Amino acid sequence: MNSLQHGIQEVQGSTHDAQRYVNALGPRGVIGVMTPGPNVNVENEMMDMRPAGVINAVDRYYVPNQRIAQDEDWSIIMRNVTAHLDDSVRRLKEALIDHLVLGMSSQSYMGGERGSFALQAHLEQLSGVPVTMGAQSAEQAFRLCGARRIALLTPYYPVIEQNAVSYFSARGFEVVHVEGLKCKSIIHVASQTYQELAEATLRCHAARPDAILQLGTNLAYAKVANDAEKWLRLPVFASGPVIYWSALRKMGIRDQVPGFGSLMEFH
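The shown structure was predicted, so the numbers you read here are calculated from the model rather than taken from an experiment.

Remarks on the packing of helix 2 (residues 71–93) against helix 3 (residues 112–127)
Next, step 1: At a minimum axis separation of 9 Å, helix 2 and helix 3 run at an interaxial angle of 35°. The two elements helix 2 and helix 3 cross, and the hand of that crossing is right-handed. For the pair formed by helix 2 and helix 3, the contact residues are Leu 85, Asp 86, Val 89, Arg 90 and Lys 93 on the first element and Leu 119, His 122, Leu 123, Leu 126 and Ser 127 on the second.
Next, step 2: Taken together, the residues of the contact of helix 2 with helix 3 break down into five nonpolar, two polar and three charged.

Written out as structure tokens, the structure reads:
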């Protein structure tokens with residue numbers, strides 16, 4: 001923790017009123033969305049998917065826009081996430097959220113199956129509300145479409161990808177291909193173009209998976225996935241829409257939103 005990062009400090013006399021009221025703009029529910037500071041995609045994407053009567057309360061927790069050239073750089077990013085995630089939950093709790101979303105897929109895979117479910121349990125205990133994360137949401141999507149052989153498209157280095165492969169292998173899936181883009185920073189992740197991501201999707205498809213999953217919520221992949229399902233005639237899932245879809249369905253909200261892939265439009 002550097003001199004600019006001190007966590008939450010309350011002034012004397014602060015209280016925490018837990019009396020709930022129906023939110024005038026969000027009578028159907030308030031979703032707390034945690035996202036890293038340099039992630040410029042997930043906040044806007046989840047706002048675009050938001051059904052009428054639902055509010056997204058967004059907290060941007062501190063993570064440096066780390067220069068990435070090796071596995072250790074991603075490890076530093078993940079240690080920063082761990083250091084600041086709990087404070088993000090505490091800030092969102094003050095909005096009396098109904099559901100919590102971890103809008104960063106990589107953290108949901110760290111430690112494989114055991115680490116992922118331990119993190120979900122921790123966040124649920126701390127927040128006091130149900131929590132939706134990338135790993136479990138993707139698994140839900142794969143089971144819905146009957147996929148067993150899967151391909152992963154990521155902006156990461158192997159240190160993150162190995163955790164994702166471990167998670168899916170433990171859950172009974174076969175990862176037949178990992179397409180890692182090795183982006184140079186978190187902001188560089190958000191600069192990947194439609195054409196670059198479409199070409200990476202075709203490289204995943206060459207491994208003949210039952211379904212393709214993109215990891216890394218700062219990749220602008222929602223439109224690519226929506227279109228690729230039509231080109232390739234198989235499920236292609238973008239991590240942000242998969243997470244948000246799962247959260248809505250857990251909340252009993254069944255609205256169908258076109259333009260973000262088959263899950264949001266038909267399931």
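Still more to cover.
Quick look at the sheet that holds strand 2 (residues 54–61)
Next, step 1: If you trace the four strands from one edge of the open sheet to the other, you get 2-1-3-4, paired in parallel fashion. Looking at which strands have only one partner, the edges of the open sheet turn out to be strand 2 and strand 4 (131–132).
Next, step 2: Inspection of the sheet shows strand 1 (residues 29–36) paired to strand 3 (residues 99–102) by four bridges, in the parallel sense. For Val 33, the partnering residue across the bridge sits in strand 3 and is Val 101.

Quick word on the pattern of salt bridges
Next, step 1: According to the stated counting rule, one finds 13 salt bridges in the structure shown.
Next, step 2: Glu 43 is the partner of Arg 60 in a salt bridge, and the nearest nitrogen-oxygen pair spans 2.7 Å. With Arg 60 in strand 2 and Glu 43 in helix 1 (residues 42–49), this pair connects stretches of sequence that are 17 residues apart.
Next, step 3: Looking at Glu 43, the relative accessible area reads 26%, which means it is partly exposed.
Next, step 4: Here the residues in one salt-bridge network are Glu 113, Glu 139, Arg 143 and Arg 171, joined through shared partners.

Quick word on the layout of surface pockets
Next, step 1: The volume enclosed by the largest pocket comes to roughly 280 Å³.
Next, step 2: What lines the largest pocket is a set of 15 residues, and nearest its centre among them are His 16, Arg 90, Lys 93, Glu 94 and Leu 96.
Next, step 3: Top contributing element to the lining of the largest pocket by residue count: helix 2, with three residues.
Next, step 4: Looking at the lining of the largest pocket, its residues break down into five nonpolar, three polar and seven charged.
Next, step 5: In terms of lining residues, the second largest pocket is bounded by 13 residues, among which Tyr 21, Val 22, Asn 23, Val 30 and Asp 98 are the most central.
Next, step 6: Residue classes in the lining of the second largest pocket are distributed as six nonpolar, four polar and three charged.

Rules used in this analysis
- Residues numbered from 1 in each chain as written.
- Predicted model: local features only at pLDDT ≥ 70, side-chain atom pairs only at ≥ 80, totals over all residues.
- Heavy atoms only, no water.
- Axes fitted to C-alpha atoms, helices over the stretch in contact; angles between N-to-C directions.
- Helix = DSSP H or I, 4+ residues; strand = E, 2+ residues; numbered from the N terminus.
- Left-handed = near helix turned anticlockwise from the far one by under 90°.
- Contact = heavy atoms within 4.5 Å.
- Nonpolar A, V, L, I, M, F, W, Y, C, P; charged D, E, K, R; others polar.
- Pairing = 2+ DSSP bridges.
- Salt bridge = Lys/Arg side-chain N within 4 Å of Asp/Glu carboxyl O.
- Buried < 20%, exposed > 50% of the residue type's maximum accessible area, 1.4 Å probe, protein only.
- 1 Å grid on protein atoms, 1.4 Å probe; cavity = no way out; pocket = protein on both sides within 12 Å on 5 of 7 lines; lining within 4 Å.
- Points joined across faces, edges and corners; volume = space filled by probe spheres on them.

Any functional reading would require information beyond the geometric quantities listed.
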